[in-house]
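# Breakdown of the fold
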Amino acid sequence: MPQEAQHTDPALLLRNVTVLDGVTNTPVPGQDILVEGGRIQALAPTGTLPLPATVSPARLRILEGPGLTVLPGFLDCHVHVSTCPDADRFDTLMAPESLLTLRSVPALAATLDAGITSARDLAGADSGFREAVEADHVRGPSLQVALRILSITGGHGDWRSVRGTPLDSGPGAGAVADSPSGFVQAVREVVREGADWVKVAATGGMTSPRRTPEAGGLTEAELCAVVEEARRHGVVGVAAHAQGAAGIAAAVRAGVRSIEHGYLVDDETLQEMGERGTYLVPTLSALTRPVREAGPPDAAERRRRIREAALERLSAALTSGVQVALGTDAGVAPHGQNLRELALMVRLGLSPAAAVAAGTSVAARMCRIDDEVGTVRAGLRADLVITDVDPLASIAALGDPGAIRTVIQGGRIVKHQATQAETGQERAA
């Protein structure tokens with residue numbers, strides 16, 4: 001997590017704002033929020049918040065908030081910050097690792113500026129990305145990382161040519177195993193390298209070299225071995241790339257914490273997910289991106305067919321009561337447009353308030369950091385976004401990064417677009 005603001009930084013007072021806390025459905029207008037030492041110190045109706053003795057009025061920055069809404073900083077639970085959408089695979093294969101790492105710097109900054117203060121990278125970023133953000137070497141969301149996807153031979157994470165030549169490289173390259181004991185070893189390896197999550201390929205995928213979404217991935221025995229080994233080592237959880245119905249069901253029975261994509265989930269599995277508390281990260285931004293006509297002759301048509309079925313099944317999922325967390329698959333989808341996912345979730349059945357919760361309190365709970373972020377509450381880290389959009393009336397407008405006027409991360413203002421009132425004050429001064 002990013003370092004919290006040092007005590008030498010000015011305290012911050014957000015005055016007369018509307019608060020939508022990511023938990024309740026009702027915005028609360030006329031609120032003051034005091035931020036000091038990187039944390040939310042207090043909330044109270046405007047004009048009733050006394051300044052503690054530790055806060056010097058001379059070192060207090062005040063942001064006036066009439067017409068502005070404060071929300072928790074959003075979490076994108078499925079990103080690939082080191083990946084560029086539609087990047088040429090040959091160019092990527094030939095590029096030096098330093099280039100692949102450095103080109104992620106603007107992607108990290110764009111993600112933060114879009115209102116994402118925390119993110120989970122599910123293949124590509126190693127622990128150094130997380131530590132670089134923590135040390136303020138680069139601007140970006142605080143990160144949890146999985147490093148790579150664990151795959152069976154020929155599975156979704158096996159990007160080798162027929163002759164066995166690796167077509168991916170670097171820390172995010174998939175790891176291949178073919179038995180419960182092999183996957184135990186693979187889990188231990190990613191834990192050794194600093195993974196917060198373990199990711200597995202429970203099915204094929206839209207972009208698999210040889211596997212369709214309905215094709216199988218790890219067996220249930222292998223999935224159970226991964227889940228148990230991950231639990232032994234205390235990682236946050238296991239995230240399962242799972243698109244076909246059978247693989248989704250096997251991953252849920254094995255006890256994974258999150259289903260990524262879940263495109264063809266069936267009703268029986270949705271019921272079991274609800275009973276087990278399994279989270280769904282639907283990645284609608286990736287699912288609905290334009291279909292590329294290039295590639296194998298039947299690939300585009302297959303993608304259209306699966307997308308139509310997936311939208312139907314995900315609509316059933318989002319209205320079933322299953323816990324839904326926001327995830328975009330940015331890196332496949334564009335970076336810096338993460339909050340477009342909110343309107344897509346609403347289109348498939350979530351209420352605007354539930355979509356906001358999916359990107360804040362629910363996502364934080366899934367990532368086991370809800371004691372730090374995910375809502376607007378005294379004592380939590382001050383990860384906040386401020387917008388002049390009414391999120392419940394115009395949820396789609398949040399997808400424009402320009403609608404995110406201010407981003408506060410660990411108590412520091414890391415993005416700020418002055419309001420007209422502030423601009424007028426500066427001119428008068």
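Residues numbered from 1 in each chain as written. Predicted model: local features only at pLDDT ≥ 70, side-chain atom pairs only at ≥ 80, totals over all residues. Heavy atoms only, no water.

### Concerning the overall build of the protein chain
On a plain count of helices and strands, the protein chain comes out with 14 helices and 18 strands. Taken over the C-alpha trace, the protein chain has a radius of gyration of 22 Å; the compact-globule value for 429 residues is 22 Å, and the two agree within 12%. For the protein chain, the spread of C-alpha atoms along the three principal axes comes to 70 × 45 × 40 Å. For the protein chain, with 429 residues in total, the buried portion stands at 54%. For the protein chain, the distance from the average position of its 40 positive side-chain charges to the average position of its 50 negative side-chain charges is 2 Å. (Helix = DSSP H or I, 4+ residues; strand = E, 2+ residues; numbered from the N terminus. Rg over C-alpha atoms; globule rule 2.2 N^0.38 Å. Buried < 20%, exposed > 50% of the residue type's maximum accessible area, 1.4 Å probe, protein only. Lys, Arg positive; Asp, Glu negative; His and termini not counted. Charge placed at Lys NZ, Arg CZ, Asp CG, Glu CD.)

### Overview of the sheet that holds strand S10 (residues 175-176)
An order of S10-S9-S11-S12-S13-S14-S15 is seen for the seven strands of this open sheet, with the pairing classed as parallel. Either end of the sheet is taken by a strand with one partner, and the two such strands are S10 and strand S15 (323-324). Sitting on the sheet, helix H5 (residues 180-192) is in contact with strand S9 (149-151) and strand S11 (197-201), with an inclination near 165 degrees to S9. (Pairing = 2+ DSSP bridges. Contact = heavy atoms within 4.5 Å. Axes fitted to C-alpha atoms, helices over the stretch in contact; angles between N-to-C directions.)

### Digging into the pattern of salt bridges
A full pass over the atoms with the stated rule returns 20 salt bridges. For Arg 120, the salt bridge goes to Glu 260, with nearest N and O atoms at 2.7 Å. Taken together, the positions of Arg 120 in strand S7 (residues 116-121) and Glu 260 in strand S13 (residues 258-261) put the pair 140 residues apart, joining distant regions of the chain. Between Arg 192 and Glu 193 there is a salt bridge, with its nearest N and O atoms 3.9 Å apart. Residue classification places Arg 192 among the exposed positions, given a relative accessible area of 60%. (Salt bridge = Lys/Arg side-chain N within 4 Å of Asp/Glu carboxyl O.)

### Quick word on the packing of aromatic side chains
Within the structure shown, the criterion is met by zero aromatic pairs. The cationic tip of Arg 120 hangs over the ring face of Trp 197; the distance from NZ or CZ to the ring centre is 4.4 Å. (Phe/Tyr/Trp six-rings, centres within 6.5 Å; stacked < 30°, edge-to-face > 60°. Lys NZ or Arg CZ within 6 Å of the ring centre and 35° of its normal.)

### Overview of the packing of helix H6 (residues 220-233) against helix H7 (residues 245-254)
Packed helix pairs are specified by the crossing angle of their axes together with the interaxial distance, meaning the distance between the axes. For the pair H6 and H7, the least separation of the axes is 9 Å and the interaxial angle reads 40 degrees. The angle between H6 and H7 places the two elements in the oblique class. Considering only the axes of H6 and H7, their crossing is right-handed. In this structure, H6 contributes Glu 220, Leu 223, Cys 224 and Val 227 to the contact, and H7 contributes Ala 250, Ala 251, Arg 253 and Ala 254. Counted by class, the contact of H6 with H7 contains six nonpolar, no polar and two charged residues. (Parallel < 35°, antiparallel > 145°, perpendicular 65-115°, else oblique. Left-handed = near helix turned anticlockwise from the far one by under 90°. Nonpolar A, V, L, I, M, F, W, Y, C, P; charged D, E, K, R; others polar.)

### Here we look at the pairing of strand S18 (residues 412-416)
Summarising the sheet, strand S17 (residues 404-409) and S18 pair through four bridges and their orientation is antiparallel. Bridged to Ile 408 within S18 is Ile 413. Between S17 and S18, which pair antiparallel and follow one another directly, the connecting turn spans two residues, one of which, Gly 410, has a positive phi of 60 degrees.

### So, the sheet that holds S7
In spatial order, the strands read S6-S7-S8; together these three strands make up an open sheet with parallel pairing. In this open sheet, the two edge strands, each paired with only one partner strand, are strand S6 (74-79) and strand S8 (142-145). Across the sheet, the mean angle from the axis of one strand to that of its neighbour is 20 degrees, orientation sign disregarded. Inspection of the sheet shows S7 paired to S8 by four bridges, in the parallel sense.

### Details of helix H11 (residues 340-347)
Taken together, the buried positions of H11 are occupied by Glu 341, Leu 342, Ala 343, Leu 344 and Met 345. The positive-phi residue at the C-terminal boundary of H11 is Gly 349, with phi of around 130 degrees.

### Examining the side chain of Asp 121
Its place among the elements puts Asp 121 in strand S7. Of the polar contacts made by the side chain of Asp 121, one reaches the backbone nitrogen of Val 81; its length is 2.8 Å. Within polar-contact distance, the side chain of Asp 121 engages the backbone nitrogen of Ala 123 at 3.1 Å. The contact partners of Asp 121, leaving out residues within four places of it in the chain, are Val 79, His 80, Val 81, Ser 82, Gln 144, Val 145, Ala 146 and Leu 147. (Polar contact = N/O pair within 3.5 Å; in protein donor to acceptor, adjacent residues only side chain to side chain.)

### Digging into the environment of Asn 25
With respect to the helices and strands, Asn 25 occurs in the loop between strand S1 (11-19) and strand S2 (28-36). In this structure the C-alpha to C-alpha distance between Asn 25 and Arg 292, which are 267 residues apart in sequence, comes to 39 Å. The residues touching Asn 25, leaving out its near neighbours within four places in the chain, are Leu 20, Ala 353 and Leu 392.

### Details of the nonpolar core
Ranked by size, the top nonpolar core spans 78 residues in total, and within it Val 198, Val 200, Ile 259, Leu 342 and Met 345 carry the most contacts. Once you skip the residues sitting within four places of it in the chain, Val 198 turns out to touch Leu 150, Val 187, Val 190, Val 226, Ala 230, Val 235, Gly 237, Val 238 and Ala 239. (Core = buried A, V, L, I, M, F, W, Y, C linked by side-chain atoms within 4.5 Å.)

### A few points about helix H4 (residues 127-134)
Residues spaced three or four apart along an α-helix face the same direction, because each turn holds 3.6 residues. Within H4 the residues assigned to the buried category are Ser 127, Phe 129, Arg 130, Ala 132 and Val 133. Each element contacted by the buried residues of H4 is listed here: helix H2 (97-102), helix H3 (104-113) and S8. You can read the cap of H4 off the contacts: a side-chain oxygen lies 2.9 Å from the backbone nitrogen of Gly 128, and it is on Asp 126. Immediately beyond the C-terminal end of H4, within one or two residues, lies Asp 136, with a positive phi of roughly 65 degrees.

### Some points on the packing of H7 against helix H8 (residues 267-276)
Look at H7 against H8: their axes get within 10 Å of each other, and the N-to-C directions meet at 20 degrees. Classified by the angle between their axes, H7 and H8 sit roughly parallel to one another. Two packed elements cross with a definite hand, and for H7 against H8 that hand is left-handed. For the pair H7 and H8, contact is made by Ile 248, Ala 249, Val 252 and Arg 253 and by Thr 269, Glu 272, Met 273 and Arg 276, respectively. Taken together, the residues of the contact of H7 with H8 sort by class into four nonpolar, one polar and three charged.

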